[in-house]
Number of protein chains: 2
Amino acid sequence: MDIEKLYINMGGEIKRFEKFGGKLEEGYEFFYKKRVAEVDVQLFGLISGDFSPIHFDENVALQTRFKGRVVHGMLTTSLISAALARLPGLVVILETYFVYIAPVRIGDEVEIKGVIQEADSEKNRYKINIDCFVNEKKVVEGWVKVLIW
Amino acid sequence: MDIEKLYINMGGEIKRFEKFGGKLEEGYEFFYKKRVAEVDVQLFGLISGDFSPIHFDENVALQTRFKGRVVHGMLTTSLISAALARLPGLVVILETYFVYIAPVRIGDEVEIKGVIQEADSEKNRYKINIDCFVNEKKVVEGWVKVLIW
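Residues numbered from 1 in each chain as written. Chains lettered and ligands numbered in written order. Predicted model: local features only at pLDDT ≥ 70, side-chain atom pairs only at ≥ 80, totals over all residues. Heavy atoms only, no water.

> How would you explain the overall build of chain A if you had to name every residue and give the values?
Along chain A, the regular secondary structure elements total five helices and five strands. When the helices and strands of chain A are listed from N to C terminus, the series reads α-β-α-α-α-α-β-β-β-β. Oriented by its inertia axes, the alpha-carbon framework of chain A measures out at about 55 × 40 × 25 Å. Looking at the 149 residues of chain A, the share that counts as buried comes to 53%. If you sum the accessible surface of chain A, you get close to 6700 Å²; carbon and sulfur atoms cover 46% of it. (Helix = DSSP H or I, 4+ residues; strand = E, 2+ residues; numbered from the N terminus. Buried < 20%, exposed > 50% of the residue type's maximum accessible area, 1.4 Å probe, protein only. Areas by Shrake-Rupley, 256 points an atom, 1.4 Å probe, with all protein chains shown as cover.)

Put into structure tokens, the structure is as follows:
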């Protein structure tokens, strides 16, 4: 697949799609991490249409409180989609709430930690607490509600 | 830029980065739309690592209530990032809340509508109501809080 080769050649990290094991219940924890590369910021710009200078123009970004370019917040939280997709079953996201606490830099490895907070196994609905870290510093926190088929 | 040419050749829609005008105050409305193409789903898979069969395997997806492949929910909401980036000033997303109401299909044009609900022009903080539509059917609703430099 050409696009995958191009992605690797441009420095993107390929994550094989693997499923987590175990039984979904309160307290179930899962982890997922991925490095956010320059190519990810470029592609997220194309996909979304968000070419804000905060993500693309170092000169403009240097003059802000961020003191340099940062990764799109919603690119960081897109990794949560991948973490959830690895849960047993077919996962449908119903609702999300995220707080963006600190900037993520190009090249940072983002680690997602999820913990099931509420499990309704009859309706197959779960509320999951989410934290995102870079080098153990929390950059995003929040929760999601999912339906699992 | 090679990656942009490749994106166009693969059927992606390029949105030029333009800023909205006007004064940010309660009731300020803005709109943004983009077609979500096959290439967007492929690239969102690579960027995030979310290769769920719901997005990539028509045979599996046909057997679900969706009756076919759907776009990643967080790919749809990534267009909100682009809409917000077009507001006057440099926009930093602080907080997001979204409800995913209905599936989006590959090829659908998603329209974002934003309305400022609360404007604190001293602290440059705004709460913005967000709706996403496909052919006037609401697919996502929620709100964001942003800081504008």
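> Tell me about the side chain of B:Asp131, residues and numbers included.
Residues and elements named next belong to chain B. Secondary-structure assignment places Asp131 in strand β4 (residues 125–134). In terms of polar contacts, Asp131 uses its side chain to reach the side chain of Lys138, at 3.3 Å. Ignoring any residue separated from it by four or fewer positions in sequence, one finds Asp131 in contact with Glu111, Ile112, Lys113, Lys138, Val140 and Glu141. (Polar contact = N/O pair within 3.5 Å; in protein donor to acceptor, adjacent residues only side chain to side chain. Contact = heavy atoms within 4.5 Å.)

> Residue-level account of the relation of the copies chain A and chain B, with values.
Both copies of the chain are tied together by a single rotation about an axis and a shift running along it. If you rotate chain A by 180° and push it 0.0 Å along the axis, it lands on chain B with an RMSD of 0.0 Å. Put plainly, the chains are arranged around a two-fold axis. Proximity to the rotation axis, assessed at the C-alpha, singles out A:Tyr97 in chain A; its C-alpha lies 2.2 Å from the axis. Taken together, the interface assignments show that 100% of the residues at the interface of chain A recur at the interface of chain B, consistent with an identical surface on both copies. (Least-squares fit on C-alpha atoms with pLDDT ≥ 70 in both.)

> Provide a residue-level description of the packing of aromatic side chains, including the pertinent values.
Under the defined criterion, the tally for this structure stands at twelve aromatic pairs over all chains. With a centroid separation of 5.0 Å and an interplanar angle of 70°, the aromatic rings of A:Trp149 and B:Phe66 are classed as edge-to-face. With one member in each of two chains, A:Trp149 in the segment after β5 (137–148) and B:Phe66 in the loop between α4 (58–62) and α5 (73–85) form a pair that bridges those chains. Using a relative accessible area of 15% as the deciding quantity, one classes B:Phe66 as buried. An aromatic cluster is defined as three or more aromatic residues linked by ring pairs; in this entry it consists of A:Tyr97, A:Trp143, B:Tyr97 and B:Trp143. (Phe/Tyr/Trp six-rings, centres within 6.5 Å; stacked < 30°, edge-to-face > 60°.)

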